[in-house]
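Here is what each chain is made of, one letter per residue.
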Amino acid sequence: MSDISRRKLITTGLAAAAGVTGLGVAAHMAQKYGLVPPDHAGIFGFGETLTYASQRLLTRHSLAREFPRSQISKPPLANEMPPLKDEFKRLQAGGFADWRLSVNGMVAQPASFSLDQLKSYPSRSQITMLQCEEGWSYIAEWIGVPLSLVLELVGVLPQARYVFYFSIDPYWWESIDMADALHPQTFLAYGMNGDELPVGNGGPLRLRLPRQLGYKSVKFITHLTVTDSLKGFGKGLGSASTEAGYAWYAGI
Amino acid sequence: MANHLRFQRPSAAEAWSYNLLQRLSYLFVILVLFPLVIWTGLAMSPSFVSAVPATVTLLGGQQSARTLHFFVSLALLLFVLVHVVMVCLAGFRSRMRAMITGRPGKNMERI
């Protein structure tokens, strides 16, 4: 004990107090500026929060890398997925003419769009990489409407903070914050490599979020909900994959 | 070096300083492996590379980054295993005490 002087004790005490205060202030600021992801609890919560907060501060407006046409992967990988339900097969038999995308929640005018309606809006394309957390990746040209255009059409209310998107498969739903929802490369994609979007790659309608891992790019989108809170959707963690232990923010 | 190849462990006095091979491997881990594993890790982040594309383009793409990341992490794992074995051979308790307090035990001469 003789090695620890009073001066050392006081400096250590002050440093510890400053550290705790600093952490408290940081947590308060993070809450205030929306830098806390829904999965901030648990063993990985601190890491998730640090990742999400730093990415939001550093990469809010950055654009995902786009590739030259020559680097498009042939053939584009259609990963394995659970068998499609009868409802999907019925729509597929009708050439997806009855496929609808409904939008509700914190919007001025809830709406429902057919695929033809979506295709009538100015289309955009991007050649970006889809990168799965399993390790595989492929580059493809994605054709669709920016999600921001659809959100503009329905009139998102200013207090909106998140956009939920739901697959026709009830076990697949996700959410993103407004920074990602309004990002110019966030697409509702209906085409790929100059053609219709194949079912294996999520056709007829898939969300594309090139700045995050593949599991956030949900296939077979039928419904969007704009909201200011993640509560009331499942366990309130923001997505089915977060409930299964994946990160909510998958920009990594 | 010759003693190392003959698997002779250093005497108690020598053991309180690092030899050439130890110094080289620590330098390699700190200055090469750790920076490389952080770099290749960031190169696999779709969000980070959107802000700093050179992280991944310099490595020749995300899949190259992934391969490099795998082998660098293996090298780090190997380092950790050898490191722990050496600590055990050199005396687990005295080494742990030295690591935590930053000085050798009371009955040891400082070098």
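Predicted model only: the values in this text are computed from it and were never measured.

Caption draft 1: Up close: the sheet that holds strand β2 (residues 111–114) of chain A. All names here are of chain A. Read across the open sheet, the five strands follow the order β2-β1-β10-β5-β6; overall the sheet is mixed. The sheet is open, and its two edges are formed by β2 and β6 (173–177), each paired on a single side. Strand-to-strand twist of the sheet, defined as the mean angle between neighbouring strand axes without regard to direction, takes the value 20°. Here five bridges tie strand β5 (residues 162–167) to β6, and the two strands are oriented antiparallel to one another.

Caption draft 2: A look at the side chain of S217(A). All names here are of chain A. Secondary-structure assignment places S217 in the loop between β9 (206–208) and β10 (221–227). Within the local environment of S217, its side chain forms a polar contact with the backbone nitrogen of L209, the two atoms lying 3.2 Å apart. With residues up to four places along the chain from it excluded, the contact list for S217 reads L130, W172, R206, L207, R208 and L209.

Caption draft 3: Just a nonpolar patch on the surface, in detail. All names here are of chain B. A surface patch of nonpolar side chains, amounting to about 690 Å² of accessible area, comprises L20, L24, L27, F28, I30, L31 and V32. Among the secondary structure elements, L31 is positioned in helix α2 (residues 20–43). By relative accessible area, L31 is classed as exposed at 59%.

Caption draft 4: Seen up close, the interface of chain B and chain A. Counting from both sides, the interface comprises 13 residues of chain B and, opposite them, 22 residues of chain A. With both sides pooled, the region where chain B packs onto chain A buries about 1,200 Å², and carbon together with sulfur makes up 49% of that total. Among the residues chain B hides against chain A, the three largest losses belong to P46(B), S47(B) and S50(B). Together they make up 41% of the total. Linking chain B to chain A there are zero salt bridges.

Caption draft 5: Representation of the pairing of β2(A). Pairing of strand β1 (residues 100–105) of chain A with β2(A), which is carried by four bridges, proceeds in the antiparallel orientation. Looking at β2(A), one finds that S102(A) is bridged to S112(A).

Caption draft 6: Examining the nonpolar core more closely. Residues and elements named next belong to chain A. Of all hydrophobic cores here, the largest spans 33 residues; its most connected members are L188, L205 and I221. A total of four residues in this core trace back to one element, the largest contributor, which is helix α5 (residues 147–154). Non-local contacts of L188, meaning those with residues more than four positions away in its chain, are made with L101, I143, G144, V145, L147, V150, L205, R206, L207 and I221. Ranked by size, the runner-up nonpolar core spans 10 residues in total, among them Y52, W173, A240 and Y249.

Calculation rules
- Residues numbered from 1 in each chain as written.
- Chains lettered and ligands numbered in written order.
- Predicted model: local features only at pLDDT ≥ 70, side-chain atom pairs only at ≥ 80, totals over all residues.
- Heavy atoms only, no water.
- Pairing = 2+ DSSP bridges.
- Helix = DSSP H or I, 4+ residues; strand = E, 2+ residues; numbered from the N terminus.
- Axes fitted to C-alpha atoms, helices over the stretch in contact; angles between N-to-C directions.
- Polar contact = N/O pair within 3.5 Å; in protein donor to acceptor, adjacent residues only side chain to side chain.
- Contact = heavy atoms within 4.5 Å.
- Patch = residues over 30% accessible without salt bridge, like charges linked within 9 Å, V, L, I, M, F, W, Y side chains within 5 Å.
- Areas by Shrake-Rupley, 256 points an atom, 1.4 Å probe, with all protein chains shown as cover.
- Salt bridge = Lys/Arg side-chain N within 4 Å of Asp/Glu carboxyl O.
- Buried < 20%, exposed > 50% of the residue type's maximum accessible area, 1.4 Å probe, protein only.
- Buried area = accessible area lost by both parts, 1.4 Å probe.
- Core = buried A, V, L, I, M, F, W, Y, C linked by side-chain atoms within 4.5 Å.

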